[in-house]
Amino acid sequence: MTIDPATISALERDILLLEQPGPRTESALRNLVAQAEWLRCSGWKESQQYPRDHPGLLRTTAPPSAPLTHDALLHVSRSHGITAAYRPLRDREALQSYPRRALDAGDANSLLHAAGIEGEVFGDRLSSFARAQVGMILAGATDGITPEELVDLAAAAPEEVRGRPVREISALSVRHADRSPGLRLRLVRAPVEAG
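Since the structure is predicted, the reported quantities are computational estimates derived from the model, not experimental observations.

S.K.: Explain the overall build of the chain here, please?
M.R.: Scanning the chain from N- to C-terminus turns up eleven helices and zero strands. When the helices and strands of the chain are listed from N to C terminus, the series reads α-α-α-α-α-α-α-α-α-α-α. Here the chain, with 195 residues, has 46% of them falling under the buried criterion. Taking all contacts inside the chain whose residues are at least 6 apart in sequence as the whole, residues at least 24 apart take part in 62%.

And the structure:
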């Protein structure tokens, strides 16, 4: 597990900005310190133990500078427990079931979390980018979606990975037919055109 030094620097800067006396500031400062310590964990095993030893961490929100994976870990830990939150980081099949459930439920936030884990933990840029775009459609935030960018990513991906976005976008079309039909069609075509 490697955290970008800029992320740690951003958290440290936020901590310095909050060093103003007062009860709300002290609470925010404690939360940022806990987040920074958690991000500094040397591996997923240590990272998983940290919220067990510091349960207050689960009541915090990941700062914008934190990796999306950590936001996902907080979200899933609160709703399904710490063990369930870390399972997709170690087991790619467990990760694949996460977006399927998110699509079934129309849960854009969980789909974006899966996108973050795919990219940050497994280095799968195609799945990460496609899931993020499907999540954006579910969230109704379609302005930043660029399906054409999937073509180059799909061309470089192995066949088994290339099929995944097509299946997930197709599932979106079936379960949420009212959501941006023209955009969904462009998303499905992009990985197919690359193949």
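S.K.: How should I be thinking about the confidence of the model for the chain in this particular structure?
M.R.: Regions with low pLDDT should not have their predicted coordinates read in detail. Looking at the chain as a whole, its pLDDT mean stands at 81, while 77% of the residues score no less than 70. Ranking the helices and strands of the chain by mean pLDDT puts helix H3 (residues 44–53) first, with 95, and helix H1 (residues 5–17) last, with 59.

S.K.: Just to check I follow, could you spell out the packing of aromatic side chains for this structure?
M.R.: For any pair of aromatic rings, geometry is given as the distance between the ring centres together with the angle between the planes. Taken as a whole and assessed by the stated rule, the structure comprises one aromatic pair. Their ring planes at 65 degrees and their centres at 6.4 Å tell us that Trp44 and Tyr86 sit as a pair that is edge-to-face. A residue pair is termed long-range when its members are at least 10 positions apart, and Trp44 in helix H3 and Tyr86 in helix H5 (residues 82–90) qualify at 42 residues. Grouping residues by exposure puts Trp44 and Tyr86 together as buried.

S.K.: Would you explain the environment of Leu73 in this entry?
M.R.: Along the chain, the position of Leu73 falls in helix H4 (residues 68–80). Taking the relative accessible area as the measure of exposure, Leu73 reaches 1% and is therefore buried. C-alpha of Leu73 to C-alpha of Leu58: the two residues are 15 residues apart in sequence and 9.2 Å apart in space. If near-sequence neighbours (up to four positions away) are discounted, Leu73 is found in contact with Trp38, Trp44, Ala85, Tyr86 and Leu89.

S.K.: What should I look at first to understand the pattern of salt bridges in this one?
M.R.: Oppositely charged side chains may form a pair once their charged atoms are brought near each other. All chains considered together, the criterion is met by five salt bridges. When the shortest N-O distance is used, the salt bridge between Glu118 and Arg131 registers 2.7 Å. With a gap of 13 residues between them, Glu118 in helix H7 (residues 108–120) and Arg131 in helix H8 (residues 125–139) connect regions that are remote in the sequence. The exposure class of Arg131 is buried, given its relative accessible area of 1%.

S.K.: I tried to follow the packing of H4 against H5 on my own but got confused; where do I start?
M.R.: Between H4 and H5, the least distance of the axes is 6 Å, while the angle of their chain directions is 140 degrees. By the angle between their directions, the pair H4 and H5 is classed as oblique. H5 is crossed by H4, and the crossing has right-handed handedness. From H4, Thr69, Leu73, Val76, Ser77 and His80 reach across to H5, where they touch Ile82, Ala84, Ala85, Tyr86 and Leu89. Taken together, the residues of the contact of H4 with H5 sort by class into seven nonpolar, three polar and no charged.

About the thresholds
- Residues numbered from 1 in each chain as written.
- Predicted model: local features only at pLDDT ≥ 70, side-chain atom pairs only at ≥ 80, totals over all residues.
- Heavy atoms only, no water.
- Helix = DSSP H or I, 4+ residues; strand = E, 2+ residues; numbered from the N terminus.
- Buried < 20%, exposed > 50% of the residue type's maximum accessible area, 1.4 Å probe, protein only.
- Contact = heavy atoms within 4.5 Å.
- pLDDT = per-residue confidence, 0-100.
- Phe/Tyr/Trp six-rings, centres within 6.5 Å; stacked < 30°, edge-to-face > 60°.
- Salt bridge = Lys/Arg side-chain N within 4 Å of Asp/Glu carboxyl O.
- Axes fitted to C-alpha atoms, helices over the stretch in contact; angles between N-to-C directions.
- Parallel < 35°, antiparallel > 145°, perpendicular 65-115°, else oblique.
- Left-handed = near helix turned anticlockwise from the far one by under 90°.
- Nonpolar A, V, L, I, M, F, W, Y, C, P; charged D, E, K, R; others polar.

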